[in-house]
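# Tertiary structure, described
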Protein chains: 4
Amino acid sequence: MDIADCYIKVRKHTEQICSHLQTEDYVVQPVVDVSPPKWHIGHTTWFFETFILKPYFMGYQEYNPDYNYVFNSYYETVGNRVIRTDRGNLSRPTVLEIYRYREYVDEAMNNFLRSELTDDIKELVILGLNHEEQHQELLFTDIKYILGHNPLFPAYSKNYISLKVVPAISDEFIKLNEGIYEVGFNGDGFCFDNELNRHKVYLNTFEISPNLVTNHEYLEFINSGGYHDFRHWHAEGWDWVKINKIEAPLYWHLIDDEWHHYTYHGLEMLNLKEPVCHISYFEAYAYASWKGLRLPTEFEWEAAATQFTWGKNWEWTESSYLPYPGFAKAPGAIGEYNGKFMVNQKVLRGASEVTSPGHSRITYRNFFQTHLRWQFTGIRLAK
Amino acid sequence: MDIADCYIKVRKHTEQICSHLQTEDYVVQPVVDVSPPKWHIGHTTWFFETFILKPYFMGYQEYNPDYNYVFNSYYETVGNRVIRTDRGNLSRPTVLEIYRYREYVDEAMNNFLRSELTDDIKELVILGLNHEEQHQELLFTDIKYILGHNPLFPAYSKNYISLKVVPAISDEFIKLNEGIYEVGFNGDGFCFDNELNRHKVYLNTFEISPNLVTNHEYLEFINSGGYHDFRHWHAEGWDWVKINKIEAPLYWHLIDDEWHHYTYHGLEMLNLKEPVCHISYFEAYAYASWKGLRLPTEFEWEAAATQFTWGKNWEWTESSYLPYPGFAKAPGAIGEYNGKFMVNQKVLRGASEVTSPGHSRITYRNFFQTHLRWQFTGIRLAK
Amino acid sequence: MDIADCYIKVRKHTEQICSHLQTEDYVVQPVVDVSPPKWHIGHTTWFFETFILKPYFMGYQEYNPDYNYVFNSYYETVGNRVIRTDRGNLSRPTVLEIYRYREYVDEAMNNFLRSELTDDIKELVILGLNHEEQHQELLFTDIKYILGHNPLFPAYSKNYISLKVVPAISDEFIKLNEGIYEVGFNGDGFCFDNELNRHKVYLNTFEISPNLVTNHEYLEFINSGGYHDFRHWHAEGWDWVKINKIEAPLYWHLIDDEWHHYTYHGLEMLNLKEPVCHISYFEAYAYASWKGLRLPTEFEWEAAATQFTWGKNWEWTESSYLPYPGFAKAPGAIGEYNGKFMVNQKVLRGASEVTSPGHSRITYRNFFQTHLRWQFTGIRLAK
Amino acid sequence: MDIADCYIKVRKHTEQICSHLQTEDYVVQPVVDVSPPKWHIGHTTWFFETFILKPYFMGYQEYNPDYNYVFNSYYETVGNRVIRTDRGNLSRPTVLEIYRYREYVDEAMNNFLRSELTDDIKELVILGLNHEEQHQELLFTDIKYILGHNPLFPAYSKNYISLKVVPAISDEFIKLNEGIYEVGFNGDGFCFDNELNRHKVYLNTFEISPNLVTNHEYLEFINSGGYHDFRHWHAEGWDWVKINKIEAPLYWHLIDDEWHHYTYHGLEMLNLKEPVCHISYFEAYAYASWKGLRLPTEFEWEAAATQFTWGKNWEWTESSYLPYPGFAKAPGAIGEYNGKFMVNQKVLRGASEVTSPGHSRITYRNFFQTHLRWQFTGIRLAK
């Protein structure tokens, strides 16, 4: 598929995700980590306009200079922006206006992509498409948060099909021997700068589970008082539990003594066989600690990942999000993409059921703060 | 006009106010004091359903029990409710769904009002209509806040006509002599419980201005450093100025050294002849103190109000919002209407250009906390 | 007694109050409203140095210019100061150093007061002594807070003698008839500016209790669920109860199902016959509301006060703290004494058992914010 | 030296550190991270009483059961405790009372240590002494904070001698080659559980500076606008700079255009040749980024540390504080010592001029949150 077709395909996928929404669903921001869907629609458009059309497409006419202020996410290089907590306070531009902006930029991009392009520009377009795929995942998770925190618990779509994972035949842990392993990206295709450079690490002998922890297993932790026993928790995690009165994963509701959870179909009975989802790093760590086990490091995960199935939930690792040897930020605004977040976050590996098709790979490094739960996050144990 | 026609007229007026909005404008809540317009639409409907149809209209079928949770404002008697800060996080029910709810309740009310009604019920309906008129004013002020805090500064309606007030011919203060005056409501029509009972007060000789303070006069206060001189301010007001970096009334913007303000027509040059508007009690007090004058008490205002024009801006008084002698809360939820707010608020007298027609009277007592500015609030001086 | 002797007597009383303290007790500030005793010792000294010695005593040598920064309370006119929340973070100057400062200033004052003084200066000295008496009361209440919030509950002094009040023979309410009454100070001696001017008010017929509400009566309110029934509370009071999980007056502890309270003697069983003490305005209002009664206004209190005994606890009134007709702030720093606090506070009338001898009078107006409880505050009912 | 003599020596050293304090200096807690010196005196005593005397010394009589509540730091296993922010609110027990408690426990320990001891108990005593040495360092840093934030800037002791470090002859970076290195403790003496187990790591070729960054070098960063250029900072660090208006290291003051800093001798001119000190991880990272270099990892540091001088300032590394392979928490309260802090903190390596003699070693892992500056923290660069 050529780059212009790729562009159309990725852009259409974003719109398809939003096709189940009411206008009002596009607008709200119930917590600071969630962005209004209409903001995602506009921001991903602004990204192409700002980093490709304006600098490289001769004669391109900016759609509306005010949109720079509205749709910049965190690029300090590009100027001031609506503060993050205010995204849900903006009724204008309307959804319709933003879709018009999107159409305008798409048309320009379509013209531009059918012209002669340098490799540098192609790379930038591919970065923009990968960026948009990341927002597709965020759209799914933010929409879930918006609808799942509404007292009416509306369904996103009754036709949504959740990924089914067949558990490994045996629960036996996979064992890898002590030695030097190579990690990091070195293929031909696209990768983010945080996956480079491929380099050697020394791993001690370890074992890793072929399966994710299930709701059934996690319920045992809850029922045995796991949320009330400080011994399993980091000091900071224990404070988080007490201050926020955490008693279960996000989206779980105990109704008439039966555990339910909110899904894209609405409120449903909890399926005990499915992997536990929507837990913070603090909870993942506490569960592993309660089990007498631990989370894998991101390098253990990468070394072993060919031997198990992954892709249902992002998996918390014990690794902090740090630069690989030789990591260097790109110059300019694009350099703000990853590097400036490399502190006080944990690495997640794998992918989730709402990750865009073709977006995941074994060297991919996702990262979140330790208390966040609105992503599709799960637990794989190691020892 | 009979009560059923009154009902229709008031209800239509609410919808007319919202007719200039985009769907998205109905949804957002940029600060806690502002409610999303769709919430007002639903809440005023819920008021009639909860306090009239459900208890008194035989055979009435509740529209949706969940709406009780969504549209209760502050009536603890009636049960739990969405916390105030979450009103802007609700994308559902949608605007369309809420209008359908409104239609359903209006049809039931129409049937009910055309049946035989007791005086008690009639009184309750009239209370409901006055309640809705209060929300009409809030709709205007909340819409102004929503659009006026949007970085695009969209107009509400280019056809909106602002009330023009002809200033008194002379600036000379009106003088009233020392003695006993009567204040409070004693007419035939409707009044709120906080206007009762009519009672005697003793006033010292005082003088009161026939005119409101203008933007021109207020600019002198700003230009003479009024916001930077603690001597004019209450200690609490001075903290408020410093913490919030207040430098001018709400909606004022200094652009290229020219003062502009946001109006229902969008951003405009400041009209110096108009009364200053959107100031807190703290600012009203500081201005008066800077002038060597003071604000009137609510009783001075009421005693003198026949001698000047009012109705452009609600006017801050020096009086705290307290119960009149013999004040008693009504039993049940209706008793929560006024009494429980009688602490740490200041009385405003008069009315504003966005007060609903027929809603104001000389004994009317509005009240807000001392730091609030999103209402159409102004200054009349006394000495 | 001449003014120099008065000076010595008042100053010695302050030191006598502190004579039971350990050095460490002088230093801490467990909440923002409480000041460390050593700060009171220094601040009252600074007051005489700043407002009397430096401007009026020729040749007076300032003790230490840095102390101006440390011991200024809230006089913006006089310059910068340690922020209030930092008072408890200062280990220096030490207690000993502050007492040396006090001695130095006292010696200078002694010399100054034995010289020829103008009436203006005498007035200022008397203001300084009244100011110090207010801090004597604060010393008592702050010391109680410091020791009463220590997990060891140390006694202040086993020899402290609490004021006993003989209740009125009959519980019957005292009735006053409708009419014009005069309130405010008009005698010869000292009064604060907020008690001036004496003026007329119109009161409706009212009745007022000859006795304060007792612990026994207040326990009935607690036991009948008063802290869990929103109907008795202001909306703001109800929020305060829920956020702070208030269940009883300050210093009350339920130990093995028996109510105790912290006193200057340490933890003791609650004496049911004593007036209830250490309650906020919110609680006083809620209690009155639960009883179907109300608090008196400050003018009702003043009109009736000759007919009942007062002086055990400061009594909350329904009146907001507002300027009397004709009130004008003094020029300069002294003008900051009272006026700038006249917003969002309630008036208390009477005096308390820790008020300094000779400091109280029938026109005295004390004032606090509605949530504060560390003063000796009580309830007298009216209807 | 036998263990009883060791005990006496370590305990005396603590008291010697405090010998320069006034009673008041022992009491205050200007920020949550700083503990009052008297709390350190009591807590280190409580540690021996709780973990050694009570469980193992037959017939030992607990000094005062209430002290458990007062002096427990963070051991959830041992029960409730004064919340950390309240440590500075406690005037009792007094300094004298705490020294009496200390004497009582020391006498019991002296008797106990001269009896027959098992190896387990000896180990526990040695842990207690190392724990006390950590508090000796904290005493130094907390005292500096207490006195250095007092507006009078009192000296701790004019006789305090600061460690002088002779810089390396050449500034040339030390180069280590790619390969497997061993890190972690494996000697005979004492180490903390977080230094175990010794294990292999793979390091890429790197270079590390023989010297710490000096005040002179750091001033260049300041003067070139380093605190105002987001590009050098982590997103979280940039927020920290802006919210806290950070412009220079802690204790630096620009007075009449000359940089001063607070030292144990009081306010002094900044010595440009000394290593920069009292900076957060955020600042260390930003400085390195501005230089086009980076911080070393803790393993790079450990591999190279024999080739340079260290011990003046703790040195920030790029490594997050994580468990070593095979790390396991000890059972019971002692297990809370290190493990529960292994999240969202950075490792520091080396030691500082206020580290107790004999307390440091090449495998020692200190750790703090990324914004903290009150420790003696510095910067060593790598590439």
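Calculation rules
- Residues numbered from 1 in each chain as written.
- Chains lettered and ligands numbered in written order.
- Predicted model: local features only at pLDDT ≥ 70, side-chain atom pairs only at ≥ 80, totals over all residues.
- Heavy atoms only, no water.
- Least-squares fit on C-alpha atoms with pLDDT ≥ 70 in both.
- Contact = heavy atoms within 4.5 Å.
- Buried < 20%, exposed > 50% of the residue type's maximum accessible area, 1.4 Å probe, protein only.
- Helix = DSSP H or I, 4+ residues; strand = E, 2+ residues; numbered from the N terminus.
- Buried area = accessible area lost by both parts, 1.4 Å probe.
- Salt bridge = Lys/Arg side-chain N within 4 Å of Asp/Glu carboxyl O.
- Polar contact = N/O pair within 3.5 Å; in protein donor to acceptor, adjacent residues only side chain to side chain.
- Nonpolar A, V, L, I, M, F, W, Y, C, P; charged D, E, K, R; others polar.
- Pairing = 2+ DSSP bridges.
- Axes fitted to C-alpha atoms, helices over the stretch in contact; angles between N-to-C directions.
- Core = buried A, V, L, I, M, F, W, Y, C linked by side-chain atoms within 4.5 Å.
- pLDDT = per-residue confidence, 0-100.
- Parallel < 35°, antiparallel > 145°, perpendicular 65-115°, else oblique.
- Left-handed = near helix turned anticlockwise from the far one by under 90°.
- Phe/Tyr/Trp six-rings, centres within 6.5 Å; stacked < 30°, edge-to-face > 60°.
- Lys NZ or Arg CZ within 6 Å of the ring centre and 35° of its normal.
- Arc of directions from axis to C-beta.

Named according to an unreviewed UniProt entry, chain A is Ergothioneine biosynthesis protein EgtB originating from Mucilaginibacter frigoritolerans.

At an RMSD of 0.0 Å, chain A and chain D line up after a rotation of 180° and a shift of 0.0 Å along the axis. Seen this way, the second copy is the image of the first under a two-fold rotation axis. An overlap of 100% is found between the interface residues of chain A and their copies at the interface of chain D, pointing to a shared contact surface.

Our focus in this paragraph is helix α8 (residues 281–290) of chain D. Given 3.6 residues to a turn, an α-helix orients residues that are three or four positions apart in the same direction. Residue and element names in this part refer to chain D. In terms of burial, α8 is a largely internal element, eight of the 10 residues being buried. Looking only at α8, the buried set comprises Tyr 281, Phe 282, Glu 283, Ala 284, Tyr 285, Ala 286, Tyr 287 and Ala 288. Summarising the contacts, the buried residues of α8 are in contact with α6 (215–223), α7 (235–244), β8 (314–320) and β9 (346–349).

Listed by partner, the interface residues are 28 residues for chain A and 28 residues for chain B. Taken over both partners, the interface formed by chain A and chain B buries close to 2,300 Å², and the fraction arising from carbon and sulfur atoms is 62%. Looking at the side of chain A facing chain B, the largest losses of area belong to Glu24(A), Arg92(A) and Leu152(A), adding up to 30% of the total buried there. Where chain A touches chain B, the interface holds two salt bridges. Between Arg92(A) and Asp25(B) there is a salt bridge, with its nearest N and O atoms 2.6 Å apart. On the surface where chain A and chain B come into contact, there are eight residue pairs in polar contact (both at pLDDT 80 or more). Broken down by element, the side of chain A that touches chain B gets its largest block of residues, four residues, from helix α3 (residues 66–71) of chain A. When grouped by side-chain class, the residues that make up the side of chain A that touches chain B number 16 nonpolar, eight polar and four charged.

To continue, consider the sheet that holds strand β10 (residues 366–368) of chain A. Residue and element names in this part refer to chain A. Read from one edge of the open sheet, four strands run β10-β9-β8-β11, paired in mixed fashion. Looking at the sheet topology across the chains shown, the edges are occupied by β10 and β11 (377–378). Sheet analysis places strand β8 (residues 314–320) next to strand β9 (residues 346–349), joined by three bridges and oriented antiparallel. Paired with Trp 316 across the bridge in β9 is Leu 348. The strands touched by helix α8 (residues 281–290) are β8 and β9; relative to β8, the strand with the most contacts, the crossing angle is about 85°.

The biggest cluster of nonpolar side chains holds 191 residues, and the ones touching the most others in it are Tyr218(A), Ile379(A), Tyr218(B) and Ile379(B). Excluding residues within four positions of it along the chain, Ile379(B) makes contact with Leu212(B), Val213(B), Tyr218(B), Val276(B), Ile279(B), Ala284(B), Tyr287(B) and Leu295(B). Counting residues in hydrophobic clusters, the runner-up holds 190 residues, among them Phe51(C), Val276(C), Phe230(D) and Ala286(D).

Let's shift gears to the interface of chain A and chain D. The interface of chain A with chain D comprises 37 residues on the first partner and 37 residues on the second. Summed over both partners, the interface of chain A with chain D comes to about 2,700 Å²; 55% of that surface belongs to carbon and sulfur atoms. Counting across the chain A and chain D interface gives zero salt bridges. The interface formed by chain A and chain D contains nine residue pairs in polar contact (both at pLDDT 80 or more). When contributions to the side of chain A that touches chain D are tallied by element, the ones reaching two or more residues are β3 (199–203), α7 (235–244), α8 and β8 of chain A. Here the residues of the side of chain A that touches chain D sort into 16 nonpolar, 10 polar and 11 charged.

So, about the pattern of salt bridges. Going through the model one piece at a time under the given rule, you end up with 80 salt bridges over all chains. Across the pair Arg102(C) and Glu15(C) runs a salt bridge whose closest N-O atoms are separated by 2.6 Å. With Arg102(C) in helix α4 (residues 95–113) and Glu15(C) in helix α1 (residues 3–18), this residue pair connects regions lying 87 residues apart in the sequence. Considered together, Arg102(C) and Glu15(C) belong to a single accessibility category, that of buried residues. Between Glu195(D) and Arg361(D) there is a salt bridge, and its shortest N-O distance comes to 2.7 Å. Of this pair, Glu195(D) sits in the loop between β2 (179–183) and β3 (199–203) while Arg361(D) is found in the loop between β9 and β10 (366–368), placing the two residues 166 residues apart along the sequence. Residues participating in the shared-partner salt-bridge network are Arg11(A), Lys12(A), Glu15(A), Arg102(A), Asp106(A) and Glu132(A).

Our next topic: the confidence of the model for chain A. Chain-level pLDDT for chain A is 95 on average; 100% of the residues reach the 70-or-more range. Both confidence scores are given for the complex: pTM 0.95, ipTM 0.95.

Attention shifts here to the relation of the copies chain A and chain B. Under the fitted operation, chain A is carried onto chain B by 0.0 Å of movement along the axis and a turn of 180°, and the coordinates agree to an RMSD of 0.0 Å. The overlap is high: 100% of the interface residues of chain A also sit at the interface in chain B, so the same surface is used on both sides.

It is worth spelling out the side chain of Asn366(D) at this point. Residues and elements named next belong to chain D. With respect to the helices and strands, the residue Asn 366 is situated in strand β10. Judged by relative accessible area, which is 12%, Asn 366 ranks as buried. Sequence-distant contacts of Asn 366, that is, excluding residues within four places in its chain, are made with Trp 314, Lys 346, Val 347 and Leu 348.

Here the focus is the environment of Thr355(C). Residue and element names in this part refer to chain C. Tracing the sequence through the fold places Thr 355 in the loop between β9 (346–349) and β10 (366–368). Judged by its relative accessible area of 13%, Thr 355 falls in the buried class. Note: C-alpha distance between Thr 355 and Asn 313 (42 residues apart in sequence) is 9.3 Å. At 3.0 Å, the side chain of Thr 355 and the side chain of Glu 137 are in polar contact.

A word on the packing of helix α1 (residues 3–18) of chain D against helix α5 (residues 119–148) of chain D. Packed helices, taken two at a time, are described by their axes: the angle between them and the distance between them. All names here are of chain D. Relative orientation of the contacting elements α1 and α5 amounts to 15°, with a least axis distance of 10 Å. In terms of orientation, α1 lies roughly parallel with respect to α5. In this structure, the crossing between α1 and α5 has a hand that is left-handed. Packed against α1, whose contacting residues are Ile 3, Cys 6, Tyr 7, Val 10, Arg 11, His 13, Thr 14, Ile 17 and Cys 18, the element α5 presents Lys 122, Val 125, Ile 126, Leu 129, Glu 132, Glu 133, Gln 136, Leu 139, Phe 140 and Ile 143 at the interface. Taken together, the residues that form the contact of α1 with α5 break down as 12 nonpolar, three polar and four charged.

We now examine the packing of aromatic side chains. Taken as a whole, this structure holds 188 aromatic pairs over all chains when the rule is applied. Relative to Tyr227(C), the ring of Phe221(C) has its centre 5.6 Å away and its plane inclined at 55°; by these criteria the two rings are tilted. The class for Phe221(C) is buried, based on a relative accessible area of 0%. Taken together, the ring pairs in this structure connect Tyr218(A), Phe221(A), Tyr227(A), Trp233(A), Trp252(A), Trp259(A), Tyr287(A) and Trp290(A) into an aromatic cluster. Its guanidinium or amino end placed over the ring of Tyr264(D), Lys144(D) lies 5.5 Å from that ring's centre, counting from NZ or CZ.

The next thing to look at is α6(D). Residue and element names in this part refer to chain D. Of all the residues in α6, the buried ones are Asn 215, Tyr 218, Leu 219, Phe 221 and Ile 222. Projected onto a plane normal to the axis of α6, the buried residues spread over an arc of 155° and lie on a single side. In this structure, the buried side of α6 is in contact with β5 (252–255), β6 (258–263) and α8. Phi turns positive, to about 85°, at Gly 225, one or two residues after α6.

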